[in-house]
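# Observations on chain architecture
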Amino acid sequence: MKPLEGKIAVVAGATRGAGRGIAASLGEAGATVYCTGRSVRGRASDLNRTETIEETAELVTSLGGKGIPVRIDHTVPGDVEDLFGQVKAEQAGQLDILVNNIWGGEQLTEWDKPFWEHSLQKGLLMQERAVKAHLITSHYGAPLLVERKSGLIIEVTDGIDYRYRGSLFYSLAKISPIHLAAAMSADLHPHGVSAVAVTPGFLRSEEMLEHYGVTEANWQDAVRSGKPHAEHFGQTETPRFVGRGIAALAASGNLLERSGRVFSSWQLSDEFGIADIDGRRPHWGNYAKEHGFL
């Protein structure tokens, strides 16, 4: 079954991690997915990683959807305006799902430093990517949804509430999308358009696998690595887990009733019966509560 067949999605920040997992899962559900980011073959972004938006688009197509790669810097308004102009022209004005997943802050966060000792340049760049880019993208994407009086904007974040996340700059970057979803919901609701925030749990991204010196094939070996937080690695989830939850949410029939709220991958798994690609159903919420950090 392909519940999103005929739907058009834009995943902003689809190169790797949650963005790639979300794009792939929307494709698995049958959607046409514009996969955007700065890294293309032969031209990596300043993060200097190997993943590309072409790879993501090919994965979307291989899973039953249609992937369309578009190189774009979401901090540049003209680029974003052109993106949605392209979507409007190619899809007869149709846009059903907009996912704001731009991040790129892993190498910018200086953990265990008070904000006045943290690099101001890195901290502000984090806001540029995780807040300003989301605002720009929604500004140009929302009119397509409003015109059709339907659709969904998803703000991808880390966490389900406003509590401190160990770094002021990181906290601001991850709490802001929660409020963006709530505030956009207020403006969009009269037009029949919904906005929510969604968070994964402990994400087993490409960068996280590298950090622990494992691959997806032997990821459980990381639990015994002795590295910081390795004891929790057994509760990780692939990027496809939150992606499948988002696909199920987008296909559900009561989006306006959900608008303005924040959802977790484990909550969506519980509600829609979602399993990860390895058949597991990790529940970071229960695990974190048991260990006293949620």
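As a starting point, this report considers the structure included with it. In every chain, residue numbers begin from 1 and rise along the written sequence. Given that the model is predicted, a residue must reach a pLDDT of at least 70 before its local features are reported, and side-chain atom pairs must reach 80 or more before they are shown or counted; all residues, however, enter totals for whole chains, interfaces and linings. Side-chain numbers come from the whole structure's heavy atoms, not from hydrogens or water.

## Focus: the pairing of strand E4 (residues 97-100)
Judged by which residues are buried, E4 turns out to be covered on both faces: Ile97 and Val99 on one side and Leu98 and Asn100 on the other are all buried. A strand pair is defined by DSSP finding two or more bridges across the two strands. Strands are runs of DSSP state E lasting at least 2 residues, helices are runs of H or I lasting at least 4, and numbering of each runs from the N terminus. Bridge analysis of E4 against strand E5 (residues 152-156) gives four bridges, and the strand direction is parallel. Looking at E5, one finds that Asn100 is bridged to Glu155. When the strands point away from the viewer and the connection leading from the first strand across the helix to the second strand turns clockwise, the crossover is called right-handed. Read as a crossover between parallel neighbours, the route from E4 over helix H4 (residues 120-148) to E5 is right-handed. Burial classes follow relative accessibility: with a 1.4 Å probe on protein chains only, a residue under 20% of its type's maximum area counts as buried, one over 50% as exposed, and anything between as partly exposed.

## Details of helix H1 (residues 17-28)
By this rule the span expected of a helix is its residue count minus one, scaled by 1.5 Å. Between its first and last C-alpha, H1 extends 17 Å over 12 residues, near the 16 Å set by a 1.5 Å rise per residue. Taken together, the buried positions of H1 are Gly17, Ala18, Gly19, Arg20, Gly21, Ile22, Ala23, Ala24, Ser25, Leu26 and Gly27. Immediately beyond the C-terminal end of H1, within one or two residues, lies Gly30, with a positive phi of roughly 105 degrees.

## As for the pattern of salt bridges
Salt bridges are identified by distance alone: a Lys or Arg side-chain nitrogen within 4 Å of an Asp or Glu carboxyl oxygen. Counting across every chain of the model gives 16 salt bridges. The partner of Glu55 in a salt bridge is Arg20, with the nearest N and O atoms 3.0 Å apart. Of the two residues, Glu55 sits in helix H2 (residues 53-62) while Arg20 sits in helix H1, which places them 35 residues apart along the sequence. Residue Glu55 is classed as partly exposed on the basis of its relative accessible area of 31%. On the basis of relative accessibility, which here comes to 14%, the residue Arg20 falls in the buried class. Here Asp96 and Arg148 are joined by a salt bridge, their closest N and O atoms 3.9 Å apart.

## So, unusual backbone geometry
Here Ala92, not a glycine, exhibits a phi torsion of approximately 55 degrees, which is positive. Secondary-structure assignment places Ala92 in the loop between helix H3 (77-90) and E4. We note that Lys149 has phi near 55 degrees; this positive angle belongs to a residue other than glycine. Note on placement: Lys149 falls in the loop between H4 and E5.

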